[in-house]
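# Structure assessment
Listed here are the chains, written in short residue letters.
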Amino acid sequence: MNTQDCYNDFQKWEVPSIDNLLASDPKLQEFEMDIRRRYAIYEKTKMAIEQSEGFDRFTQGFKEFGVFVTPEGGVMCKEWIPNARAVYLSGDFNNWEKWSYERKDHGKWEMYIRPHSDGSCPIRHLSKLKLFIEIHDQQRLERISPWAKYVTQQGNGNDFQWLFWNPPKNQMCMSQSRCSSKPLGLKIYEAHIGVSSNRCEIASYRQFTSNVLPRIKDLGYNCVLLMAIKEHPFYPSLGYQVSNFFAASSRFGTPEDLKELVNVAHDMGITVIMDAVHHQASSNVNDGLNMFDGTRGCYFKDDESGYRNSDGSRIFDLTKWEVLRFLLSNLRYYMDEFNMDGFRFNGIHTMLYHDQGRDRWHSNDYRQYFGMQMNLESMAYLALANDLLHSRYPNVITIAEDHSNMPGMSRPVREGGIGFDYTISTSIPQKWMQLLNQERDEDWSMEFIFNAMTQRRAGEKVLALNEGHDQSLIGNCTIITKLMGEEICRNMSDMIPMTSRVDRGISLHKMFRLMTHSLIGDGYLNFMGNEFGHPDFLELPSPSNNDSYHYARRRFELCDDEQLRFKYLKRFDRALNRAEEKYGWLSSPPAFVSRKHEQDKVFVYERGDLLFLFNFHPTRSYPDYKVGVDKAGTYKIILDTDNKYFGGYGRNQSSVEFHTRQGMFDGRRNSLLVYLPSRCGIVMCNKSYILGEYFSEERPSNLATYERQAAVYW
């Protein structure tokens with residue numbers, strides 16, 4: 001694990017498939033030695049684990065640490081507390097007497113509690129527990145085990161209390177399933193359990209299962225990304241200041257409720273992933289990991305580098321053996337215990353560099369990514385995590401949130417990459433907002449849109465998004481609120497004439513989503529509610545807003561109301577996902593852009609078997625507009641943002657057929673003459689490839705069917 005050792009002997013480390021990485025992105029050849037260095041740290045760490053304990057056992061620490069029931073009915077207690085002089089367990093089960101642990105090697109402490117004479121567990125389900133730790137200055141600390149499976153908070157702002165989780169069989173979720181395969185075209189619905197109700201409350205796992213999973217299924221998303229699952233004391237942190245890593249948040253219900261949510265999602269064909277949150281931890285002392293053994297170190301770096309610059313959160317010391325055990329086991333725990341299908345690793349850019357990724361964004365100057373600024377231990381940990389997950393769970397999905405867009409993030413570990421399946425394209429929301437803020441519609445640059453949308457690393461899969469939870473938070477701005485302003489609150493009734501601003505907002509919202517969904521990404525992400533243009537920002541209750549829940553909710557009733565125009569955006573989002581499911585553009589190679597005409601404001605590209613056409617001009621429509629297309633034949637419209645069912649004007653007819661003419665045009669072997677209405681996006685398909693219906697036709701929602709399916713489980 002020593003960085004300098006690897007700098008001295010990196011040349012002898014073989015990276016099995018590094019030639020694949022260098023061939024996919026030739027600019028990396030200049031930094032081959034740095035790639036070998038980070039791979040060397042990863043390989044040496046894994047070899048050390050294998051030789052000492054075995055990688056499989058090492059990554060199942062939750063079966064050896066904490067307080068848990070043994071097969072014979074007793075209770076095993078084990079902790080790593082290197083600075084302790086003595087350790088005691090106390091609780092309801094022993095009338096708060098202090099039962100002493102035995103000191104073992106390497107800072108570990110153990111105790112075994114025998115079962116009762118009838119073979120029953122000596123600690124009752126939901127008994128209160130507490131660790132007492134004596135340290136070298138005679139101070140006695142009260143702590144919660146880092147491996148605690150269930151903690152509860154009595155009132156806002158209070159410390160968590162640790163409860164022993166060992167439910168009787170009749171309260172356990174007995175049948176658990178896992179998705180049998182990865183979705184080909186990954187369409188992610190990013191969701192927060194607590195804000196998933198339209199009421200001013202903290203919603204529950206059960207409410208989400210009954211009310212939101214059916215919506216996700218009906219909208220055509222095949223994956224749900226759950227935020228804020230790991231226990232966190234500060235609710236407004238959105239789960240990014242975790243105190244208890246092995247405890248699913250009790251704000252939303254019990255661990256069994258979460259397991260049932262995952263089961264129902266799997267039965268609906270929805271993959272479930274969650275936030276890993278390994279880039280930082282809560283700075284809480286009494287109920288978190290901070291100062292766990294009375295020192296600044298233990299799980300964290302013990303100097304100033306152990307604190308997050310922005311908020312003082314703690315940063316793990318990834319050079320320590322027990323920290324690696326803790327974090328890798330944390331991943332396996334949620335995979336094995338809850339049957340999760342993968343993770344989003346948040347804030348990766350803060351881990352990759354010694355300066356915590358400050359002011360690092362996508363760059364074509366690779367010098368900003370490599371050299372002595374690399375945090376090799378963090379990179380080795382991320383590679384280990386991906387190696388662990390992909391080797392033991394073939395259908396796992398891992399996603400990197402890396403604002404710096406480091407090359408190789410989504411390339412296999414054996415090539416010298418970090419091993420993620422996808423990297424989130426975090427720049428797209430900023431580019432759309434930049435366009436709206438800085439230019440009049442008629443001055444928009446098609447070249448700017450092209451560069452913004454196609455910014456990706458060669459050979460690496462990306463998740464595209466218009467807006468995630470960040471853009472929905474108070475102080476930020478979603479696309480719909482930027483487009484409509486206050487009119488989104490007063491002019492969305494279908495009973496009154498549509499204003500020009502609402503008309504523009506509905507049109508561009510659909511066009512932006514269609515282009516982001518189809519142009520360049522290998523997957524797509526949407527934050528809950530944004531599919532129908534949620535009018536409110538997201539603000540969780542805190543002292544700064546008098547603990548108000550008014551904006552800590554998602555108002556799904558708005559898109560269900562047939563008298564409101566939100567329904568048009570919901571309909572289009574559903575049709576968009578259904579079209580992708582049929583034609584699979586997300587799993588097709590990146591698009592070929594044949595036209596980006598600055599004067600006409602027209603953007604044309606092909607992907608898979610489809611032709612995508614956009615007219616961004618606010619006022620000009622083009623009859624008999626010539627566009628290039630590679631495959632000859634007869635084309636028909638399969639999706640049209642201007643369809644009346646989506647709140648448009650219906651200026652195109654779905655029954656019209658368009659015939660190609662042979663001859664090179666815009667670099668394609670054939671061409672078409674089409675009608676391009678102003679502010680409109682159209683998807684066309686060669687008639688011989690059309691699968692099923694026209695996606696803009698009116699059809700009944702299946703939401704009620706999915707709601708009945710979810711209700712069966714309760």
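Numbers given for residues are sequential positions, taken from 1 along each chain in its written order. Local features in this predicted model are restricted to residues whose pLDDT is 70 or higher, and side-chain atom pairs enter the listing and the counts only when it is 80 or higher, whereas totals over whole chains, interfaces and linings include all residues. The basis for every side-chain value is the complete set of non-hydrogen atoms in the structure, without hydrogens or water.

### Quick look at the overall build of the protein
Basically, it comes down to this: Note on conventions: DSSP H or I runs of at least 4 residues are helices, E runs of at least 2 residues are strands, and numbering of each starts at the N terminus. Only the C-alpha atoms count toward the radius of gyration. The rule for a globule is 2.2 Å times the residue count to the power 0.38. Should any heavy atoms of two residues lie within 4.5 Å, those residues are counted as being in contact. The method behind every accessible area is Shrake-Rupley, applied with a 1.4 Å probe, and residues are considered shielded solely by the protein chains displayed.
Tallying secondary structure elements over the protein gives 18 helices and 29 strands in all. Rg of the C-alpha trace for the protein: 27 Å, near the compact-globule value of 27 Å for 714 residues, within the 12% margin. Within the protein, residue pairs in contact and separated by at least 24 positions form 73% of the contacts whose partners lie at least 6 positions apart. Looking at the protein as shown, the accessible area adds up to about 26800 Å², and 46% of this sits on carbon and sulfur atoms.

### Description of the nonpolar core
Threshold: Side-chain atoms within 4.5 Å are what join buried Ala, Val, Leu, Ile, Met, Phe, Trp, Tyr and Cys residues into a set we call a nonpolar core. Accessible area is worked out with a 1.4 Å probe on protein chains only. A residue is then buried under 20% of its type maximum, exposed over 50%, and partly exposed in between.
Counting residues in hydrophobic clusters, the biggest one holds 186 residues, and the most contacted among them are Leu-89, Tyr-299 and Phe-616. Within the second largest apolar cluster, 17 residues are counted, among which are Leu-613, Ile-637, Leu-676 and Cys-680.

### Some thoughts on unusual backbone geometry
At Trp-96, a position not held by glycine, the phi torsion is positive, near 65°. Tracing the chain through its elements places Trp-96 in the loop between strand E3 (84–91) and strand E4 (99–100). Its identity is not glycine, yet Lys-601 carries a phi of approximately 60°, on the positive side. Within the secondary structure layout, Lys-601 lies in the loop between strand E21 (592–597) and strand E22 (602–607).

### A few points about the sheet that holds strand E27 (residues 661–665)
Formally: The rule for pairing is simple: two strands pair if DSSP sees at least two bridges between them. The axes used here are C-alpha line fits, helices contributing only the stretch in contact, and every angle between their N-to-C directions lies in the interval 0 to 180 degrees.
The three strands are arranged E24-E28-E27 in an open sheet whose pairing can be described as antiparallel. The two strands at the open ends of the sheet, each matched to only one other strand, are strand E24 (622–629) and E27. Taking the axes of each pair of neighbouring strands and ignoring which way they run, one obtains an average angle of 50° across the sheet.

### Digging into the sheet that holds strand E6 (residues 108–113)
A sheet is described by the order of its strands in space; here four strands give the open sequence E1-E2-E6-E5, paired in antiparallel fashion. A strand with exactly one partner marks an edge of an open sheet, and here the two such strands are strand E1 (66–69) and strand E5 (102–103). Inspection of the sheet shows E1 paired to strand E2 (residues 75–80) by four bridges, in the antiparallel sense. Bridge pairing in E2 links Val-67 to Cys-77.

### Some details on the pattern of salt bridges
Rules: Salt bridges are defined as contacts in which a side-chain nitrogen from Lys or Arg sits within 4 Å of a carboxyl oxygen from Asp or Glu.
Counted according to the given criterion, the structure contains 50 salt bridges. Measuring nitrogen to oxygen at the nearest pair gives 2.7 Å for the salt bridge that ties Arg-344 to Asp-275. Of this pair, Arg-344 sits in strand E16 (residues 342–345) while Asp-275 is found in strand E15 (residues 271–275), placing the two residues 69 residues apart along the sequence. For the pair Arg-344 and Asp-275, a shared accessibility class is recorded, and that class is buried. Where Lys-596 meets Glu-447, a salt bridge forms, and the shortest distance between an N and an O atom there is 4.0 Å. Of this pair, Lys-596 sits in strand E21 while Glu-447 sits in helix H11 (residues 446–453), and the two are 149 residues apart along the sequence.

### Here we look at helix H17 (residues 566–583)
Filter applied, for reference: A helix is expected to reach a length of 1.5 Å times the quantity of its residues less one.
Compared with an ideal rise of 1.5 Å per residue, which puts 18 residues at 26 Å, H17 spans 26 Å between its outermost C-alpha atoms and is within 8% of the ideal. Here H17 lies mainly inside the structure; 16 of its 18 residues are buried. Two residues or fewer past H17, Gly-584 is found with a positive phi of approximately 65°.

### Notes on the UniProt feature "domain: Glycosyl hydrolase family 13 catalytic" (unreviewed entry) in the protein
This is how the line gets drawn: UniProt positions are given in the numbering used here, feature names are shortened, and annotations may be inferred rather than shown by experiment.
Residues annotated in UniProt with the feature "domain: Glycosyl hydrolase family 13 catalytic" (unreviewed entry) correspond here to residues 201–557. Note that residues 201–557 is 34% helix and 10% strand, and that its end C-alpha atoms are spaced 16 Å apart.

### Examining the environment of Leu-564
Mapped onto the elements of the fold, Leu-564 is located in the loop between helix H16 (557–560) and H17. Each C-alpha atom, one on Leu-564 and one on Asp-494, is 5.3 Å from the other, the two residues being 70 residues apart in sequence.

### Concerning the layout of surface pockets
The rolling of a water-molecule-sized probe over the atoms marks out the regions of remaining empty space. To keep things clear, this is the line we draw: In this analysis the probe radius is 1.4 Å and the grid spacing 1 Å, with only protein atoms considered; a cavity is a set of points the probe fits into but cannot get out of, a pocket is an open set with protein on both sides within 12 Å along at least five of seven lines, and lining residues have an atom within 4 Å of a point. Grid points are joined across faces, edges and corners, and a volume is the space filled by probe spheres set on the points. Amino acids outside the nonpolar list (Ala, Val, Leu, Ile, Met, Phe, Trp, Tyr, Cys, Pro) and the charged list (Asp, Glu, Lys, Arg) are all regarded as polar, and Gly is one of them.
Roughly 880 Å³ of internal volume is contained in the largest pocket. Elements with a contribution of two residues or more to the lining of the largest pocket: helix H8 (349–352), helix H10 (427–438) and helix H12 (469–472). Here the residues of the lining of the largest pocket sort into nine nonpolar, 18 polar and 10 charged. In this structure, the second largest pocket spans a volume of roughly 600 Å³. Lining the second largest pocket are 27 residues, and of these Phe-68, Lys-149, Trp-165, Asn-166 and Glu-337 lie nearest its centre. If you list the elements that add at least two residues to the lining of the second largest pocket, you get E1, strand E10 (160–163), helix H6 (255–267) and helix H7 (321–338). Tallied by class, the residues present in the lining of the second largest pocket amount to 19 nonpolar, two polar and six charged.

### Looking at the packing of helix H5 (residues 205–219) against H6
Between two packed helices, both the angle of their axes relative to each other and the distance between the axes serve to describe the pair. To keep it simple, the criterion reads: Convention used here: angles under 35 degrees read as roughly parallel, angles over 145 as roughly antiparallel, angles from 65 to 115 as roughly perpendicular, and any remaining angle as oblique. Two helices that cross are described as forming a left-handed crossing if the nearer one is turned anticlockwise from the farther one by less than a right angle, and a right-handed crossing if clockwise.
Closest axis-to-axis distance for the H5/H6 pair is 8 Å, and the angle between their directions is 15°. With respect to their mutual orientation, H5 and H6 come out roughly parallel. Where H5 crosses over H6, the handedness of that crossing is right-handed. Of H6, the residues touching H5 (which contributes Tyr-205, Arg-206, Phe-208, Thr-209 and Leu-213) are Asp-257, Leu-258, Leu-261, Val-264 and Ala-265. Classifying every residue of the contact of H5 with H6 by side-chain character gives seven nonpolar, one polar and two charged.

### Regarding the pairing of strand E28 (residues 668–676)
Of the strand pairs in this sheet, E24 and E28 are connected by six bridges, and their pairing is antiparallel. Bridge pairing in E28 links Tyr-622 to Leu-676. Here E27 pairs with E28 via three bridges, running antiparallel. Paired with Arg-661 across the strands is Ser-671, a residue of E28. Connecting the antiparallel pair E27 and E28 is a turn made up of two residues, with Asp-666 showing a positive phi of about 55°.

### Observations regarding the packing of H7 against helix H9 (residues 376–392)
Here H7 crosses H9 at 30°, and the two axes come no closer than 11 Å. Relative to H9, H7 is oriented roughly parallel. Note on packing geometry: the crossing formed by H7 with H9 is right-handed. From H7, Leu-324, Leu-327, Leu-328, Leu-331, Arg-332 and Met-335 reach across to H9, where they touch Tyr-381, Leu-384, Ala-385, Leu-388, Leu-389 and Arg-392. The residue inventory of the contact of H7 with H9, partitioned by class, reads 10 nonpolar, no polar and two charged.

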